[in-house]
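These are the residues of each chain, in order.
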Amino acid sequence: MEIHFLGAAQQVTGSCYFIKVAGLRLLVDCGLYQERAFLERNWAPFPIPPESIDFVLLTHTHLDHSGLLPKLAREGYRNPILMTPATGDLLPIVLIDAAELQEEDAAYKKKRHKNEGRRSRYPEVPLYRVKDAEKVTRLIKPIPYEKSTVLGPDVSVRFHEAGHILGSAAIEVIAHPGKDPFRMVFSGDLGQWDKALIRDPALLERAQAVVMESTYGDRDHEDPADIETRLSQIITETVRGGGNILIPVFAVERAQELMFHLSRLVRKNLIPSMPIFLDSPMATDVTDVFLRHPECLDRETLDLFRSGQSPFQFPGLKYVRSREDSKEINGLRTPHIVMAGSGMCTGGRIKHHLVNNIGRAESTILFVGYQAEGTLGRQIIERPPQVRIFGQQRLLRARVEQMQSFSGHADRRALLRWLDHFQPPPSTLFLTHGEKKVIHRLAESLGLERDLDVVVPGYRDTHTF
Ligand SMILES: [Zn+2]
Ligand SMILES: [Zn+2]
């Protein structure tokens, strides 16, 4: 078996691994680069000719794992893309939205640069179009969790719950399953135990090689039990001061998790009653997918549905689809909560809400998700006096809060819990999907504490077993 690290190597985004195993050529994930320093790689030709790949295995729908699939399909990939059924339902929503954003961005940039008479660093054409995303949806092949699927005479794969977002999976690739199996496990992105809505990560026992994410490998999250206390405190204080609460959300998972917590706060009267907008057609569609996949939900959530207390329907909550209804929110003079995408403020309706609130000291911008380096979200967290939105500098007067306990990613403790379940420990552990400093800190401590061969691969490094 041979593995090539084609992304998420000493960085968080662009997850992509190429493996050659028993005569098959597989790609695990095909993610978009989102850190500013690496954006150019999105435009570069694929290191592996797309038409030469036999199967793509997809861990989950986040764009840093799936966001280059439309480009792969456009450039000649025609074979199946294997994923869990929930991921199969989410993927078209996510990729068509991404393609629409690409098209809009390119058109907008072209217009702005023409007006300003300057040239762009990147081409003013979209990275891919909606029709390319549609090509991907025709290749989706859903595989139920835990079902062993044969890819060739000597290779099979299995998807295990990763507990990160709806449909997320760790992927086990088994070479020579019959006689002398060699197992390689890709963690994908792992979630925290006991988080809202979805099941906990599945624990695996056997693997010779493991590729593990390291996003929060150097720290532990706040106690999740405090989520609702902190949330109600921030909301109540802001409302008392007459401000609005803006929450940039990823349409997949974080929006639904927030609704879960808000529904509880509203039903227990722990926050003032007010309009709560989910201003995102995409998050609304995603919420419908949650309802179609009870097999991914945990017992607590299923019990809520059974008792008629849906976390996705509660007093005050409004789903906003049309642009007109979204614009109407701006005219609202009483305090309200707006959840809108994109999660890192790099596009989407949240930018318009930011324009309307960022200069108001009484409003709060509440971050509940990871903010990659170089994104508008990360900039706002760093609290400069001004930030640039839609080509204009704007004063940052709003209160900025960040809640890390929401993280969809396992913290250090959870990563170790997952890793330590392999018995015997994997002979090689590759650490990926983490910022350089974080990943090296984790590698160092694991190398010292455990009898493991820890490798921190660089971009395009290869390893043969
Ligand atoms: Zn993810
Ligand atoms: Zn990721």
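Because the structure is a prediction, the values reported are computed rather than measured.

Colleague: Which residues make up the pairing of strand β10 (residues 182–186), and what values do they have?
Modeller: When you tally the buried positions in β10, you get 5 out of 5 residues, the bulk of the element. Of the two faces of β10, the one holding Phe182, Met184 and Phe186 and the one holding Arg183 and Val185 are both buried throughout. Taken together, the 5 bridges between strand β9 (residues 169–175) and β10 define a ladder with antiparallel strand orientation. Among the inter-strand pairings, Ile171 is bridged to a residue of β10, identified as Phe186. The pairing of β10 with strand β11 (residues 209–213) spans 3 bridges and is classified as parallel. Each bridged residue has a counterpart across the sheet, and for Val185 the counterpart in β11 is Val210.

Colleague: Outline helix α10 (residues 350–357), listing residues and values.
Modeller: What α10 keeps buried is the set Ile350, Lys351, His353, Leu354 and Asn357. Projection of α10 onto a plane perpendicular to its axis shows the buried side chains occupying an angular sector of 160 degrees, all on one side.

Colleague: Before we move on, can you summarise the nonpolar core with the specific residues and values?
Modeller: Core analysis: the biggest nonpolar cluster contains 77 residues, and Leu26, Leu57, Val173 and Met339 have the highest contact counts within it. It is helix α6 (residues 254–267) that contributes the most residues to this core, 7 residues altogether. Split by domain, the residues of this core number at least three in each of domain 1 (2–219 + 408–464) and domain 2 (224–406). If near-sequence neighbours (up to four positions away) are discounted, Val173 is found in contact with Met1, Ile19, Leu26, Leu57, Val155, Ser156, Val157, Phe182, Arg183, Met184 and Phe186. Formed by 29 residues, the second largest nonpolar core is a distinct cluster that contains Cys16, Tyr128, Val130 and Val136.

Colleague: Describe the side chain of Glu253, with residues and values.
Modeller: Along the chain, Glu253 turns up in the loop between β12 (245–248) and α6. Owing to a relative accessible area of 1%, Glu253 belongs among the buried residues under this scheme. When residues no more than four places from it in sequence are discounted, the contact partners of Glu253 are His164, Ile165, Leu166, Lys195, Ala196, Ile198 and Phe290.

Colleague: Tell me about the layout of surface pockets, and name the residues and values.
Modeller: Put simply, the second largest pocket is a space of about 500 Å³. Lining of the second largest pocket is provided by 25 residues; of these, Gln192, Trp193, Asp194, Lys195 and Pro224 occupy positions nearest its centre. Mapped by element, the contributors of at least two residues to the lining of the second largest pocket are α5 (227–240), α6 and α12 (412–419). With 4 residues, the top contributor of residues to the lining of the second largest pocket is α6.

Colleague: Summarise the coordination of the zinc ion (ligand 1); cite the residues concerned and give the values.
Modeller: The protein atoms donating to the zinc ion (ligand 1) are His60 (NE2), His62 (ND1), His164 (NE2) and Asp189 (OD), with metal-donor distances spanning 2.2 to 2.3 Å. Every donor counted, the 4 donor atoms about the zinc ion (ligand 1) form angles of 91 to 163 degrees at the centre, which fits irregular coordination. As a motif over one chain, the donors of the zinc ion (ligand 1) read H-x1-H-x101-H-x24-D. Between the zinc ion (ligand 1) and the zinc ion (ligand 2) the interatomic distance comes to 3.4 Å, and Asp189 is a ligand of both metals. Overall, His60 belongs to the buried group, its relative accessible area being 0%.

Colleague: Before we move on, could you go through the coordination of the zinc ion (ligand 2) and cite the residues and values that matter?
Modeller: Distances from the zinc ion (ligand 2) to its protein donors, Asp64 (OD), His65 (NE2), Asp189 (OD) and His433 (NE2), fall within 2.1 to 2.2 Å. Every donor counted, the 4 donor atoms about the zinc ion (ligand 2) form angles of 88 to 163 degrees at the centre, which fits irregular coordination. Along the chain, the residues donating to the zinc ion (ligand 2) are arranged with the sequence spacing D-H-x123-D-x243-H.

Colleague: Which residues make up a positive patch on the surface, and what values do they have?
Modeller: Together, Lys110, Lys114, Arg129 and Lys131 give the surface a local cluster of positive charge. Locating Lys114 in the fold gives a position in helix α3 (residues 85–116). For Lys114, a relative accessible area of 72% gives the class exposed.

Thresholds applied
Residues numbered from 1 in each chain as written. Chains lettered and ligands numbered in written order. Predicted model: local features only at pLDDT ≥ 70, side-chain atom pairs only at ≥ 80, totals over all residues. Heavy atoms only, no water. Buried < 20%, exposed > 50% of the residue type's maximum accessible area, 1.4 Å probe, protein only. Helix = DSSP H or I, 4+ residues; strand = E, 2+ residues; numbered from the N terminus. Pairing = 2+ DSSP bridges. Arc of directions from axis to C-beta. Core = buried A, V, L, I, M, F, W, Y, C linked by side-chain atoms within 4.5 Å. Domains from an automatic or database assignment. Contact = heavy atoms within 4.5 Å. 1 Å grid on protein atoms, 1.4 Å probe; cavity = no way out; pocket = protein on both sides within 12 Å on 5 of 7 lines; lining within 4 Å. Points joined across faces, edges and corners; volume = space filled by probe spheres on them. Donors = N, O, S within 2.8 Å, 3.2 Å for Na, K, Ca; no water. Tetrahedral: all angles 85-135°; square planar, octahedral: opposite > 155°, others 65-115°. Patch = residues over 30% accessible without salt bridge, like charges linked within 9 Å, V, L, I, M, F, W, Y side chains within 5 Å. Areas by Shrake-Rupley, 256 points an atom, 1.4 Å probe, with all protein chains shown as cover. Salt bridge = Lys/Arg side-chain N within 4 Å of Asp/Glu carboxyl O. Lys, Arg positive; Asp, Glu negative; His and termini not counted. Charge placed at Lys NZ, Arg CZ, Asp CG, Glu CD.

Purely geometric stuff here, so don't read any function into it on its own.
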